[in-house]
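The residues making up each chain are set out below.
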Amino acid sequence: MVNQQHTIGAPVIFRGVGVHGGAPVEMTLHPAEPDTGIVFHVFEASGLIHEIAAVSANVLSTDLSTIVGDRKGAHVATIEHIMAALYATDVDNVIVQIDGNEVPILGGGSAEFVRGIEGAGLVMQRARRRFLRVRKTVRVELNGGYAEYRPYEGTRFEVEIDFASRAIGRQCFAADLSATLFRDELAEARTFGFMKDVEKLWASGHALGSSLDNSVVIGDDERVINPAGLRFTDEFVRHKTLDAVGDQALAGSRILGCYRSYRGGHRLNAMALAALTADPSAFELVELPARWPETLRRSSARAAAVPSLGAAAPAFGPQIL
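My aim in this report is to walk through the structure given alongside it, one point at a time.

Cut-off values and rules
Along each chain, numbering runs from 1 in the same order as the chain's sequence is written. Selection of residues for local features in this predicted model requires a pLDDT of at least 70, selection of side-chain atom pairs for listing and counting requires 80 or more, and totals for whole chains, interfaces and linings are taken over all residues. The side-chain values count all of the structure's non-hydrogen atoms but skip hydrogen atoms and water molecules. Angles run from 0 to 180 degrees between N-to-C directions of axes, and those axes are lines fitted to C-alpha atoms, restricted for helices to the stretch in contact. Strands are runs of DSSP state E lasting at least two residues, helices are runs of H or I lasting at least four, and both sets are numbered from the N terminus onward. Working definition: roughly parallel below 35 degrees, roughly antiparallel above 145 degrees, roughly perpendicular at 65 to 115 degrees, and oblique for all remaining angles. Throughout, a residue-residue contact means that at least one pair of heavy atoms, one from each residue, lies within 4.5 Å. As a working rule, the residues Ala, Val, Leu, Ile, Met, Phe, Trp, Tyr, Cys and Pro are called nonpolar, Asp, Glu, Lys and Arg charged, and the rest polar, with Gly in that last group. Should DSSP find at least two bridges between two strands, the strands are regarded as paired. By definition, turning the near helix anticlockwise from the far helix through less than a right angle yields a left-handed crossing, and turning it clockwise yields a right-handed one. Take a side-chain nitrogen of Lys or Arg and a carboxyl oxygen of Asp or Glu: if they are within 4 Å of each other, that pair is a salt bridge. For the exposure calls, accessible area comes from a 1.4 Å probe over protein chains only, and a residue counts as buried if that area is under 20% of its type's maximum, exposed if over 50%, partly exposed in between. What makes a patch is a set of residues exposed beyond 30% relative accessible area and free of salt bridges, joined within 9 Å when like-charged and within 5 Å when nonpolar (Val, Leu, Ile, Met, Phe, Trp, Tyr). Values of accessible area rely on a 1.4 Å probe in the Shrake-Rupley scheme; residue burial ignores everything except the protein chains shown. Within 6.5 Å between ring centres, the rings of Phe, Tyr and Trp (the latter by its six-membered ring) count as paired, and their orientation is classed by plane angle as stacked under 30 degrees, edge-to-face over 60, tilted in between.

Contact geometry of helix α1 (residues 80–88) with helix α5 (residues 235–248) gives a least axis separation of 7 Å together with a crossing angle of 75°. It follows that α1 is roughly perpendicular to α5 by the angle criterion. The residues of α5 that touch α1, namely those facing Glu80, His81, Met83, Ala84 and Tyr87, are His239, Leu242, Asp243, Val245, Gly246, Asp247 and Gln248. Considered class by class, the residues forming the contact of α1 with α5 number five nonpolar, four polar and three charged.

And the structure:
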């Protein structure tokens, strides 16, 4: 268990399009001071900056994605994939500068974000990390699904999905979260949807940036239409687990406990977190003993191998500054 707070070692730029709005967007992660948390800086055409902390109190919507915003009307959509990458790689403090209202979808999961963070490396900070320890089971239910937090000495996810679609069916994924587990088992899992829903989504202004490059699509014949097929045989539940990691990151503290869900999604994830934090008897905030007394820099082995891309940066993906 990492007990000190961390930030990234250098700014990282990501360029792409939003999966729902379809608009080009540039997003830069900046190192931040201890106890900053994850804060989005949203720029308007006038140059005005909105500061939106990525915490559950600022969640505006959980329809199709997780959206945070402020009282002035500024918002950032589809934050779950970058939040999952930051949470899983032990990044506590970052300023996320963004020139649009939606995080770029990139490859449809968190893999590009993880590679960018690893390339920048992590800097350990003197401030101690606070943990939210689950003390008793808290459960919420919605439309035949449920989500709950249970006491557990670690950070664990147990996610089960159950779709009528033959392409998906019933799938389960359960594991203790670590940076390695997330990178190897979850980060590459892509968002998914059904071809039969496309026209309805387009009419409502959603999925305008979705493509076979960033989404798994199930056709009317109940088959995956992506030419390369699936990255994992159970890619669907792995992506749902990725989403759950990102939504849990909105607690503002690392959670020591087991999160379980059945037929869940962003709404149930948010409901469970809200129920947990609303009950003072269900959790406690703790600090674990620090492992290292001095500040040190923990650089990824990839950091030295990632060159500055400069003007030759690709259309999307990380650029280490």
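Before going further, it helps to examine the sheet that holds strand β7 (residues 67–69). The strand order across the open sheet formed by three strands is β6-β7-β8, and the pairing between neighbours is antiparallel. With one partner strand each, in any of the chains shown, β6 (59–61) and β8 (75–76) form the two edges of the open sheet. Two elements, β7 and β8, share two bridges in a ladder whose sense is antiparallel. Within β8, the position partnered with Val68 by the bridge is Val76.

Before going further, it helps to spend a moment on the environment of Arg128. Positionally, Arg128 belongs in strand β10 (residues 122–128). Through-space distance from the C-alpha of Arg128 to that of Ser261 is 30 Å; in sequence the pair is 133 residues apart.

Attention now goes to the packing of α5 against helix α6 (residues 266–278). Between α5 and α6, whose axes approach to 10 Å, the crossing angle comes to 35°. The hand of the α5/α6 crossing is right-handed. Contacts between α5 and α6 involve Asp243, Ala244, Asp247 and Gln248 from the first element and His266, Asn269 and Leu273 from the second. Taken together, the residues of the contact of α5 with α6 break down into two nonpolar, three polar and two charged.

Let us now look at the pattern of salt bridges. Throughout the structure, instances matching the rule amount to 26 salt bridges. The closest approach of N and O atoms between Arg183 and Glu118, which form a salt bridge, is 3.0 Å. Of this pair, Arg183 sits in helix α3 (residues 179–186) while Glu118 is found in helix α2 (residues 111–120), placing the two residues 65 residues apart along the sequence. Assessed through its relative accessible area of 14%, Glu118 is described here as buried.

On the surface, a nonpolar cluster with roughly 220 Å² of combined accessible area is contributed by Met195, Leu212 and Ile225. Looking at the secondary structure, you find Leu212 in the loop between α4 (198–203) and β17 (215–218).

Regular strands show a simple pattern: their side chains alternate between the two faces of the sheet. Both strand β2 (residues 12–17) and strand β3 (residues 24–31) contribute to a ladder of six bridges, which runs antiparallel. Bridging across to β3, Val17 finds its partner in Pro24. Hairpin remark: β2 followed by β3, antiparallel, with six residues in the connecting loop; positive phi at Gly22, about 80°.

This paragraph deals with the packing of aromatic side chains. Applying the stated rule across the entire model yields seven aromatic pairs. Taking the centre distance of 5.0 Å and the plane angle of 75° together, the rings of Phe14 and Phe113 count as edge-to-face. Separated by 99 residues along the polypeptide, Phe14 in strand β2 and Phe113 in helix α2 bring together distant segments of the chain. For Phe14, a relative accessible area of 0% translates into the label buried. For Phe113, a relative accessible area of 1% puts it in the buried group. Aromatic pair Tyr149 and Tyr259: ring centres 4.9 Å apart, planes at 50°, arrangement tilted. Taken together, the residues span a long stretch of sequence, with Tyr149 in strand β13 (residues 145–150) and Tyr259 in strand β18 (residues 254–262) at a distance of 110 residues. Per residue, the accessibility class of Tyr149 equals that of Tyr259, and both read buried. Put simply, the rings of Phe163, Phe192, Phe194 and Phe236 touch in pairs and so form one group of aromatic residues.

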